[in-house]
Amino acid sequence: MSKIQNIFKVVSNEKLCPRFFRLCIDAKSILKKIQPGQFIHIRATDGLEPFFRRPFSVYRAQKYVEIFYEPIGPGTKNLALKKKGDDIDVLGPLGTPFSLPSKNIKQVVMIAGGIGIAPFLAFSDILKKKKNLELILLYGGRTKGHVYPMKEFKANGVKILVATDDGSIGAKGRVSELFSKVKTDPKTTFLYTCGPTPMMAAVQAFAKKYNLQGEAACEEVMACALGACLGCSIKTTEGYKTVCYDGPVFDLNKVIFH
Amino acid sequence: MNLSINIGNTTFRNPVTVASGTFGHAEKYYNLDEVKQLGAIVPKTVTLPAQTGNPPQRIIETPSGMLNAIGIENPGVDGFIEKKLPTFKKIGIPLIISILGHNDDQFRILTEKFNAVDGIAALELNLSCPNLGHKTLVAQDPEATFRVVKLVKSLSRVPVIAKLSPNVTDITVIAKAAQEAGADGISLINTFTAMVIDVKKRKSILGNFTGGLSGPAIRPIAVHMVHQVAKTVNIPIIAMGGIATASDALEFLIAGASMVAVGTMNFVNPRAPLEVLQGIKEYMKENKIDDIKQLIGNLHKN
Ligand SMILES: Cc1cc2nc3c(=O)[nH]c(=O)nc-3n(C[C@H](O)[C@H](O)[C@H](O)COP(=O)(O)OP(=O)(O)OC[C@H]3O[C@@H](n4cnc5c(N)ncnc54)[C@H](O)[C@@H]3O)c2cc1C
Ligand SMILES: Cc1cc2nc3c(=O)[nH]c(=O)nc-3n(C[C@H](O)[C@H](O)[C@H](O)COP(=O)(O)O)c2cc1C
Ligand code: FES
């Protein structure tokens, strides 16, 4: 009984690098409305296993709605089996998007870990249109096979710094190793982050230390994704907030990471 | 085709509704034309003071179902009446308001607050609430159930429905107590107390430690309980427990329920309540049944 539930057609589903897939969906009704940071909620089975739908950030929204995912469990493994022309049951667009940087911001630092890179390409598609805005991406992955080819980001004029746990590409270590390489300014820098909780907690600590503002795209297990079940709440300085409806994008300094 | 059902002095246009806690909140997502087709709407349980709910993680999926431990997060009765009730009323179909008191006095005040507003079709008592001085829930104690139902019934302007918990040895004893106290209807079932353990961390996954199991996994037990209760009482039953399709809903009607509610499946398939309604109509047509009442409890002997 939701006006945003639709059955769409899969346009393509391909491996982009050893670990990551991209699924394109012909979803004009979503395309028209979706903003970076928002997500779609996909039914990954015709039956009841896995039981919940699965949430995915919108990776790109140009001709089609694209998602970027890693097959890790039953839901994403089912998705990887989707073929051109298959039906796909999607709810969306959902949630609160990234806010656009205000006029005084001259530098945007996007900090992503692993699959947390997903919402930033669509975001850089929009940010690149702004004049006098420096775009930086700090990206942390486990190893080379996890690092997505960055050419679309480069084409959007994004400066990219990479770290991998094993040093197989970029700096060795966590994405936090890269913080010191960026010269920030509390008045003109704005951070956006998405990734594993420990990484976002490190970004928050960095923001607090240097007095920086920012936003975090958070994750929690979801059932409805419509703000109805109150199952996806996380702790913030303003009490419990639903990731699906109040978020997934929150003020970086207000999330209480556990 | 007559699909209408009466509970107390209230008439519902058809027997399909939603289960408390599984529908609502974001008005902007409703397809109003579709929601309007239902027989009634049941918003999430309202308590007297606002409740912030349980710490995360609050939900987890299980085979054909889920556990939840939301902790009845709600804005409290005043917040509900001020902020949420107007949007529910705007939908224009009967509203069944679910209330939960932590003691008799709270049930009394909640009833009086809803007596003072218009546009409410019935009260549903969420009896999965503390039974003061005992280690049980009200819904696990026939005397407490009798007392709470009797109290609300003596005050309420609208029909009173008692919602039962399946976490009991014999649900018919509780159902009988509710009927004797004057309940106009009974709804069942609420969720089964359950837990899931993270074997890596050797910890219970839910922040609240335990949660309630719902969804298709519990459906056959729910059908059985509805059947047992229908044989015991003569007031109408609103049935719920894993309803996903019209065929699931028909099982409950044939077992003796007068109305059916879609709960957990709203999260998986938001269209489920409408598909259920449509499918019931088709079944009646195919089987030449022109009044839904002919179907209720019409279970043939084996
Ligand atoms: C708003 C939002 C946007 C997302 N965007 C993307 C995206 O663009 N691309 C993408 O690949 N994934 C994204 N995710 C995560 C994605 O939903 C999960 O990867 C997916 O649910 C995994 O399902 P599965 O059945 O394949 O694996 P599961 O078996 O469900 O999970 C595999 C492993 O991942 C862990 N896990 C599952 N879900 C989560 C979660 N939400 N947070 C932390 N750990 C989890 C499980 O504990 C398990 O260890 C997003 C999540 C949210 C909440
Ligand atoms: C997330 C969630 C929240 C719920 N909240 C309430 C509630 O506030 N009050 C209530 O009486 N029942 C609540 N329930 C129970 C349902 O109304 C229903 O009785 C139960 O889930 C069985 O039906 P189902 O299997 O179709 O969901 C909740 C269930 C779920 C899954
Ligand atoms: S998943 Fe149901 S409220 Fe967020």
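Residues numbered from 1 in each chain as written. Chains lettered and ligands numbered in written order. Predicted model: local features only at pLDDT ≥ 70, side-chain atom pairs only at ≥ 80, totals over all residues. Heavy atoms only, no water.

Q: When you look at the packing of helix α2 (residues 76–91) of chain B against helix α3 (residues 104–115) of chain B in this model, what are you seeing that I'm missing?
A: Two numbers describe a pair of packed helices, the interaxial angle and the distance between the axes. Residue and element names in this part refer to chain B. Here α2 crosses α3 at 15 degrees, and the two axes come no closer than 10 Å. Compared by their axis directions, α2 and α3 come out roughly parallel. Between α2 and α3 lies a crossing of right-handed hand. Of the residues in α3, those touching α2 at V77, D78, F80 and I81 are L110, K113 and F114. Per-class residue counts for the contact of α2 with α3 are 5 nonpolar, no polar and 2 charged. (Axes fitted to C-alpha atoms, helices over the stretch in contact; angles between N-to-C directions. Helix = DSSP H or I, 4+ residues; strand = E, 2+ residues; numbered from the N terminus. Parallel < 35°, antiparallel > 145°, perpendicular 65-115°, else oblique. Left-handed = near helix turned anticlockwise from the far one by under 90°. Contact = heavy atoms within 4.5 Å. Nonpolar A, V, L, I, M, F, W, Y, C, P; charged D, E, K, R; others polar.)

Q: What is the right way to look at the sheet that holds strand β15 (residues 237–239) of chain B in this model?
A: Remark on secondary structure: sheet strands pair via backbone hydrogen bonds, oriented parallel or antiparallel. Residues and elements named next belong to chain B. Spatially, β3-β16-β15-β10-β9-β8-β7-β4 is the arrangement adopted by the 8 strands of the open sheet, whose pairing is parallel. Of all strands in the sheet, those with a lone pairing partner are β3 (16–18) and β4 (46–47), marking the two edges. Pairing between β15 and strand β16 (residues 259–262): 2 bridges, direction parallel. The residue of β16 that forms the bridge with A239 is V260. Where α3 meets the sheet, it contacts β4, β7 (96–100) and β8 (122–126), and its direction lies at approximately 155 degrees from that of β7. (Pairing = 2+ DSSP bridges.)

Q: What's the story with the site of ligand 2 in this structure? I'm lost.
A: Residue and element names in this part refer to chain B. Surveying the vicinity of ligand 2 reveals 21 residues, the closest of which are S20, T45, G215, G242 and T264. Within the contact set of ligand 2, an oxygen atom lies 2.8 Å away from a backbone nitrogen or oxygen of S20. Between an oxygen atom of ligand 2 and a side-chain N or O atom of T264, the distance comes to 2.5 Å. For ligand 2, whose accessible area on its own is 600 Å², the fraction buried by protein is 98%. Of the pockets mapped on this structure, ligand 2 occupies the second largest pocket. (Near = heavy atom within 4 Å. Polar contact = N/O pair within 3.5 Å; in protein donor to acceptor, adjacent residues only side chain to side chain. Areas by Shrake-Rupley, 256 points an atom, 1.4 Å probe, with all protein chains shown as cover. 1 Å grid on protein atoms, 1.4 Å probe; cavity = no way out; pocket = protein on both sides within 12 Å on 5 of 7 lines; lining within 4 Å. Sits in = over half its atoms within 2 Å of the grid points.)

Q: Help me understand empty space enclosed by the protein, please; the structure alone is not making it clear to me.
A: It is a probe the size of a water molecule, rolled over the atoms, that shows where empty space is left. Applying the stated criterion across every chain yields a total of 2 cavities of 30 Å³ or more. By volume, the largest cavity amounts to about 170 Å³. Lining the largest cavity are 14 residues, with S2 and L226 of chain A together with F23, G24 and P270 of chain B sitting closest to its centre. Of the residues in the lining of the largest cavity, the class split is 10 nonpolar, 4 polar and no charged. Roughly 40 Å³ of internal volume is contained in the second largest cavity. Lining the second largest cavity are T17, V18, A19, S20, V42, E124, K163, I238, M240 and A261 of chain B. Of the residues that constitute the lining of the second largest cavity, the class distribution is 6 nonpolar, 2 polar and 2 charged. (Points joined across faces, edges and corners; volume = space filled by probe spheres on them.)

Q: Whenever I open this one, the packing of aromatic side chains confuses me. Can you help?
A: Each aromatic ring pair is characterised by the separation of its centres together with the angle its planes make. As enumerated under the stated definition, the model contains 16 aromatic pairs over all chains in all. A centroid spacing of 6.1 Å and a plane angle of 85 degrees characterise the contact between Y245 of chain A and Y29 of chain B, whose relative ring orientation is edge-to-face. Placement of Y245 of chain A in the loop between β15 (239–242) and β16 (249–251) and of Y29 of chain B in the loop between β3 and α1 (32–35) is noted, with the two residues assigned to different chains. A relative accessible area of 24% means that Y245 of chain A is categorised as partly exposed. Its relative accessible area of 6% is what places Y29 of chain B among the buried residues. (Phe/Tyr/Trp six-rings, centres within 6.5 Å; stacked < 30°, edge-to-face > 60°. Buried < 20%, exposed > 50% of the residue type's maximum accessible area, 1.4 Å probe, protein only.)

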